[in-house]
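Understanding the architecture of this molecule
One-letter residues, chain by chain:
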Amino acid sequence: MMRYVLGRLGGVVLILLAVCLFTYLIFFKLSPDPAVMICGKTCTPERIDSIRDVLGLNQPLLTQFWDFLSGIFAGRDYGSVHCSAPCLGYSFQTNESVWSMITARLPVSITVAVGAAVLWLLVGVIGGLLSAVKQGTWWDRSAMGLALGGVSVPNYVLALLLQYVLVVKLQVLPFPSAVPFADNPLLWFESYLMPWVVLAVGYACLYARLTRSNVIDTLAENYYRTARAKGLSGALIMRRHALRPALTPITTIFGMDFAGLLGGALITETVFGLNGIGKMAADSIAKNDQPVIMAVTLLAAFFVVIGNVVVDLLYTALDPRVRVVSS
């Protein structure tokens, strides 16, 4: 088991190195000259060359990449300015440390992602389980009809609709803002409620349909009928023999979905004006702020890779067959 975990962690390091290399090549070699972008269109060639020296852009490609990579772990010097580790450079637009920008906005994205994930898991899994148990009834048909409709509605449409109804017309909720929990817990909950709901609706509908399908397949297995023939209680059979194997594929997509959201819910944060990683990425793309775009890309890749490893480890707890193969 330990060898399996170490092997997975070694794979994580290699994948992140490859992501760093490709991200660096894309944003610093295939994009406009960063020195020109920083200096402006009316800058002199001498000034541009000076900026290139400070950024290290006159160095060979491998040296540039090594400076970037080592800067993440040991810091880096830009002329007379020292960028402390983890150094991801400075924004071309605001001259602010990219790492400081990320750490200031990450709590907002984590709050949005965790709140939405709790909602969609509760609603999706419980709704799908009830639909499977009550297969063919009005409840099943109604729930699956709602799920189909919920999946079909784009996030930005639902966000604008909820804002108009709940904030403008009924005035039962404040306009979403990044209120710290410690300042006012009730206002914090009310401010994040709409982003959570908007983000959770699509995932909850998808998970409900997936849970229903998996549980129905499990109920047709021989071991389930054997457990019923032994006279075990319905709740025990459902928990041990139906729900557990049905959750394995859901765990896979949940890990990837949640890890992706930690890198920023771009549409939701932008529509509601929440200053999280997703909104920062959208603003940086609009302004072609390469260091910020690259840092957000690396952060999202990091969460996805780590999420994938966590899902693999959870398999060993959910499915005993995986433990046998891993050992």
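To be clear, the structure that these remarks concern was listed above.
If you look at the biggest cluster of nonpolar residues, it comprises 50 residues, and the most contacted ones within it are Ile-102, Trp-120, Tyr-192, Ile-277 and Met-280. Contributions of two or more residues to this core are made by helix H1 (2–29), helix H4 (61–74), helix H5 (98–133), helix H7 (155–169), helix H8 (185–219), helix H10 (234–262), helix H12 (277–287) and helix H13 (290–318). If you tally residues by element for this core, the top one is H5, at 10 residues. Residues contacting Ile-102, with those up to four places away along its chain left out, are Leu-88, Ile-277, Met-280, Ala-295 and Leu-299. Listed in part, the 11 residues of the second largest apolar core include Tyr-224, Ala-227, Ala-242 and Leu-243.

On to a nonpolar patch on the surface. Taken together, Ile-110, Val-114, Val-118, Leu-122, Val-123, Ile-126, Leu-130, Trp-138 and Trp-139 make up a surface patch of nonpolar side chains, about 820 Å² in accessible area. If you list the elements that add at least two residues to the nonpolar patch, you get H5 and helix H6 (138–152). No other element matches the seven residues that H5 contributes to the nonpolar patch. Tracing the backbone through its elements, the reader meets Leu-130 in helix H5.

Moving on, we get to unusual backbone geometry. The omega torsion across Ala-85 and Pro-86 is -5°, close enough to zero to call that bond cis. If you check the backbone angles, Asn-95 has positive phi at about 60° while not being a glycine. Tracing the backbone shows Asn-95 in the loop between strand S2 (81–83) and H5. A residue is classified by how much of its surface remains accessible, and Asn-95, at 61% relative accessible area, is exposed. Positive phi values are uncommon outside glycine, yet Gln-171 reaches one of about 55°. When you line up the elements, Gln-171 lands in the loop between H7 and H8.

This next bit is on the packing of helix H9 (residues 222–229) against H10. The geometry of a pair of packed helices is captured by two quantities: the angle between their axes and the separation between those axes. Look at H9 against H10: their axes get within 10 Å of each other, and the N-to-C directions meet at 175°. Classed by the angle they form, the pair H9 and H10 counts as roughly antiparallel. Contacts from Tyr-223, Tyr-224, Ala-227 and Arg-228 of H9 reach H10 at Ile-237, Met-238, His-241, Ala-242 and Pro-245. Here the contact of H9 with H10 is composed, by residue class, of seven nonpolar, one polar and one charged.

Turning next to the state of the cysteines. What the rule picks out here adds up to one disulfide. The disulfide partner of Cys-83 is Cys-87, and the S-S distance across this bridge is 2.2 Å. When the S-S torsion is 110°, as for the bridge of Cys-83 with Cys-87, the disulfide is right-handed. Neither Cys-83 nor Cys-87 differs from the other in exposure class; each is buried. Free of any disulfide, Cys-20 has its nearest neighbouring cysteine sulfur in Cys-87, separated by 13 Å. Cys-20 gets classed as buried once you look at its relative accessible area, which sits at 11%.

What follows is about the packing of aromatic side chains. This structure, assessed with the given rule, holds 14 aromatic pairs. Ring plane angle 70° and centroid distance 5.8 Å describe the contact between Trp-120 and Tyr-207, whose orientation is recorded as edge-to-face. Here Tyr-207 lies in helix H8 and Trp-120 lies in helix H5, a separation of 87 residues in the sequence. Residue class for Trp-120 comes out buried when judged on its relative accessible area of 0%. The exposure class assigned to Tyr-207 is buried, which follows from its relative accessible area of 0%. With a centroid separation of 6.0 Å and 15° between ring planes, the pair formed by Tyr-192 and Trp-196 is classed as stacked. One end of the pair, Tyr-192, and the other, Trp-196, are both in helix H8, four residues apart, so they sit about a helical turn from each other. In terms of burial, Tyr-192 and Trp-196 fall into one category: buried. In this structure an aromatic cluster arises from ring pairing among Trp-120, Tyr-203, Tyr-207, Phe-254 and Phe-258.

Criteria and cut-off values
- Residues numbered from 1 in each chain as written.
- Predicted model: local features only at pLDDT ≥ 70, side-chain atom pairs only at ≥ 80, totals over all residues.
- Heavy atoms only, no water.
- Core = buried A, V, L, I, M, F, W, Y, C linked by side-chain atoms within 4.5 Å.
- Buried < 20%, exposed > 50% of the residue type's maximum accessible area, 1.4 Å probe, protein only.
- Helix = DSSP H or I, 4+ residues; strand = E, 2+ residues; numbered from the N terminus.
- Contact = heavy atoms within 4.5 Å.
- Patch = residues over 30% accessible without salt bridge, like charges linked within 9 Å, V, L, I, M, F, W, Y side chains within 5 Å.
- Areas by Shrake-Rupley, 256 points an atom, 1.4 Å probe, with all protein chains shown as cover.
- Salt bridge = Lys/Arg side-chain N within 4 Å of Asp/Glu carboxyl O.
- Axes fitted to C-alpha atoms, helices over the stretch in contact; angles between N-to-C directions.
- Parallel < 35°, antiparallel > 145°, perpendicular 65-115°, else oblique.
- Nonpolar A, V, L, I, M, F, W, Y, C, P; charged D, E, K, R; others polar.
- Disulfide = S-S within 2.5 Å.
- Phe/Tyr/Trp six-rings, centres within 6.5 Å; stacked < 30°, edge-to-face > 60°.

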